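These are the residues of each chain, in order.
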Amino acid sequence: MLRGPAILLLATLAACAPLPSGQGRGALWQPSPNFDQRRPNFVILHQTSNDNVATALATLTDPQRRVSAHYLIGRDGAVMQLVDEASRAWHAGESWWGGNTDLNSASIGIELDNTGDEAFAEAQIVALLALLEELRGRYRIPSANFLAHGDIAPTRKVDPGRLFPWQRLARHGFGLWCETPPAAAPAGLDAMLGLQALGYDIAAPAAARQAFRRHFTGTEADAELAPGEQALLHCLLQTKLLPASRGRTHATEPE
Ligand SMILES: [Zn+2]
C-alpha cells in the first residue's frame, strides 16, 4: 500500500506525463481511432547537379549535409529510395507555391542525377515516368502539382534545368502544358497576377518570369512576358482551373 510521500510522488509523475506530440496547448486529449497517415499531394522534381550518382547518394545520405529526397534516379534508370514516403524528406527548403509555405510536408521529392547541362538520359526518364505513375495511383496527385524545385523556390533554385522534358511528362498527365500556339490572352491580362494564380511566388518578379519560362518554354530570360508567352500563361491558367483537372478526395472519406 502506498502512503504519504509515495502517493505524492506518483501524483507528481502523472501530472508530468508527456502529452502526445502535436497536442494543442490546453486541449483535452480524447483520441479517436479514425485516422491514417497524411498523403503527399505534390511531387517536386530536382536535378542533383552531379556527374555521377554515387556522389549524389553520398550527399543525400550524409547527416552533416541535412538534405535528402524520397527517391534518387540514376542515368541508367536505377531507382533508389532514401526516405519513406510517409516521412518528410528535406529537399524543397524555403519554398512557396500557391500559398503553400512548407512543400516538404506536402510532397514527394525526386532527385534525377544530371549535371544541369546535359540532356536527361532516356532510361532515367522512363524510370521516372513509371515512378510518377505509381505515385499518382497511390495518392491521386493532381496533374498541376507535378513541379520543379525552380518553380517553388524561384530566387534560389534553377533545377531541373531547361533541358528537362516537361512536355513529355505532360503527355502522361504529369504537370500542366499547353500546345502552341494557344489563343491570344485577353487584352489587359496582368501577367504577374497570372503567374501568381498559376502558383508562383512573385515577390521577385524577374525570378518568377525566369522560372515560368524555364518550365514552360525551355528558355530562361527574365524580361516582361511577350504576347505569345502571355497567351501561354492564360492557356495554362485555364487548364489548371478546369474542374476536370482537379484532384478528387478519396471516395470513402466522409470529410
Ligand atoms: Zn533541387
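Notes on the structure in this doc start here.

1. Concerning the overall build of the chain
Counting its regular elements, the chain contains nine helices and five strands. If you list the helices and strands of the chain from N to C, you get α-β-α-β-β-α-β-α-β-α-α-α-α-α. Burial status across the chain gives 39% buried among its 255 residues. Relative to all contacts within the chain whose residues are 6 or more apart in sequence, the contacts with residues 24 or more apart total 64%. Carbon and sulfur atoms form 55% of the exposed surface of the chain, whose accessible area is close to 14,400 Å².

2. Topic: the nonpolar core
Judged by nonpolar contacts, the single largest core of 25 residues is most densely connected at L198, Y200, F212, F216, L233 and L236. Elements represented by at least two residues in this core include exactly β1 (42–47), α7 (191–198), α8 (205–216) and α9 (227–241). The leading source of residues in this core is α9, at five residues. Residues contacting F212, with those up to four places away along its chain left out, are L195, L198, Y200, T217, L225, E229, L232, L233 and L236. Of all hydrophobic cores here, the second largest spans 23 residues; its members include Y71, I108, L135 and I141.

3. With respect to the pattern of salt bridges
The tally for this structure, following the rule as stated, stands at 10 salt bridges. Residue E134 pairs with R138 through a salt bridge whose shortest N-O separation is 3.3 Å. Taken together, the positions of E134 and R138, both in helix α4 (residues 122–139) and four residues apart, correspond to about one turn of that helix. On the accessibility criterion, R138 (38% relative accessible area) is partly exposed. When the shortest N-O distance is used, the salt bridge between E220 and R214 registers 2.6 Å. Here the residues in one salt-bridge network are R75, D113 and E118, joined through shared partners.

4. Regarding the state of the cysteines
One way to say it: the disulfide is the covalent bond shared by the sulfur atoms of two cysteines. Applying the stated criterion to the full structure yields one disulfide. Covalently, C178 is tied to C235 through a disulfide, its sulfur atoms 2.0 Å apart. Measuring the twist about the S-S bond at about -95°, one finds the C178-C235 disulfide to be left-handed. A residue pair is termed long-range when its members are at least 10 positions apart, and C178 in the loop between α6 (166–171) and α7 and C235 in helix α9 qualify at 57 residues. Take C178 and C235: they sit in the same class, and that class is buried.

5. A short note on the sheet that holds strand β3 (residues 79–81)
The five strands are arranged β3-β2-β4-β1-β5 in an open sheet whose pairing can be described as mixed. Every other strand in the sheet has two partners, leaving β3 and β5 (146–148) as the edge strands with one partner each. Strand-to-strand twist in this sheet, taken as the mean axis angle between neighbours without regard to direction, amounts to 25°. As defined by bridge partners, β1 adjoins strand β4 (residues 107–112) across six bridges and the pair is classed as parallel. Directly across from Q47, in β4, lies its bridge partner L112.

6. As for the pairing of β4
In terms of burial, β4 is largely enclosed, as six of its six residues are buried. Alternating residues of β4 divide into S107, G109 and E111 and I108, I110 and L112, and every residue in both groups is buried. Examined bridge by bridge, strand β2 (residues 71–73) and β4 share three bridges and lie parallel to one another. Residue pairing in the sheet places I73 in a bridge with L112 of β4.

7. Considering the environment of A106
Turning to its location among the elements, A106 is positioned in helix α3 (residues 103–106). Distance from A106 to R88, taken between C-alpha atoms, is 8.1 Å for residues 18 residues apart in sequence. What A106 contacts, discounting residues up to four positions off in sequence, is P40, N41 and F42.

8. Topic: the packing of α7 against α9
The contact between α7 and α9 brings their axes to 10 Å, and the two run at 35°. Crossing hand, α7 versus α9: left-handed. Contacts between α7 and α9 involve A191, G194, L195, A197 and L198 from the first element and Q230, L233, L236, L237 and K240 from the second. Grouping the amino acids of the contact of α7 with α9 by side-chain chemistry returns seven nonpolar, two polar and one charged.

Criteria and thresholds
Residues numbered from 1 in each chain as written. Predicted model: local features only at pLDDT ≥ 70, side-chain atom pairs only at ≥ 80, totals over all residues. Heavy atoms only, no water. Helix = DSSP H or I, 4+ residues; strand = E, 2+ residues; numbered from the N terminus. Buried < 20%, exposed > 50% of the residue type's maximum accessible area, 1.4 Å probe, protein only. Contact = heavy atoms within 4.5 Å. Areas by Shrake-Rupley, 256 points an atom, 1.4 Å probe, with all protein chains shown as cover. Core = buried A, V, L, I, M, F, W, Y, C linked by side-chain atoms within 4.5 Å. Salt bridge = Lys/Arg side-chain N within 4 Å of Asp/Glu carboxyl O. Disulfide = S-S within 2.5 Å. Pairing = 2+ DSSP bridges. Axes fitted to C-alpha atoms, helices over the stretch in contact; angles between N-to-C directions. Left-handed = near helix turned anticlockwise from the far one by under 90°. Nonpolar A, V, L, I, M, F, W, Y, C, P; charged D, E, K, R; others polar.

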